[in-house]
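Report on the structure
Here is what each chain is made of, one letter per residue.
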Amino acid sequence: MRQHKGIATRRRPAGMAAGPVRTGTTARRVLIAQGVALGALTLGLLVIELPGIVREVRIWRMVNLRSGAKRPR
């Protein structure tokens, strides 16, 4: 019987019923691919938003929002 190349399988011992048993290799690959995609998306969003973040930090420094309390007038 020909096996599909994308599915990692292993055979049970001869005395047991049923055919091939799937291992967690395929699921693990999918999870790793999802993690890589999510990381790339997060990194891309950070790179896109970085100029705006730098601009906001400059504004905060000009307004002097670093100190928590305002001075009385």
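Residues numbered from 1 in each chain as written. Predicted model: local features only at pLDDT ≥ 70, side-chain atom pairs only at ≥ 80, totals over all residues. Heavy atoms only, no water.

As for the overall build of the chain
Of regular secondary structure, the chain possesses one helix and two strands. Element order for the chain, N to C, with α for helix and β for strand: β-β-α. If you sum the accessible surface of the chain, you get close to 7,300 Å²; carbon and sulfur atoms cover 63% of it. (Helix = DSSP H or I, 4+ residues; strand = E, 2+ residues; numbered from the N terminus. Areas by Shrake-Rupley, 256 points an atom, 1.4 Å probe, with all protein chains shown as cover.)

Examining the confidence of the model for the chain
For the chain, per-residue confidence averages 78 on the pLDDT scale, and residues scoring 70 or more make up 56% of the total. When mean pLDDT is compared element by element in the chain, helix 1 (residues 25-63) scores highest at 93, while strand 1 (residues 9-10) scores lowest at 60. (pLDDT = per-residue confidence, 0-100.)

Regarding helix 1
Its 39 residues give helix 1 an end-to-end C-alpha distance of 55 Å, which sits within 8% of 57 Å, the value for a rise of 1.5 Å per residue. The first or second residue beyond helix 1 is asparagine 64, which carries a positive phi of 65°. (Expected span 1.5 Å × (residues − 1).)

Some thoughts on a nonpolar patch on the surface
Taken together, the side chains of Leu43, Leu46, Val47, Leu50, Ile53, Val54, Val57, Ile59, Trp60, Met62 and Val63 define a hydrophobic patch exposed on the protein surface, amounting to about 1,000 Å² of accessible area. Relative to the helices and strands, isoleucine 59 resides in helix 1. (Patch = residues over 30% accessible without salt bridge, like charges linked within 9 Å, V, L, I, M, F, W, Y side chains within 5 Å. Salt bridge = Lys/Arg side-chain N within 4 Å of Asp/Glu carboxyl O.)

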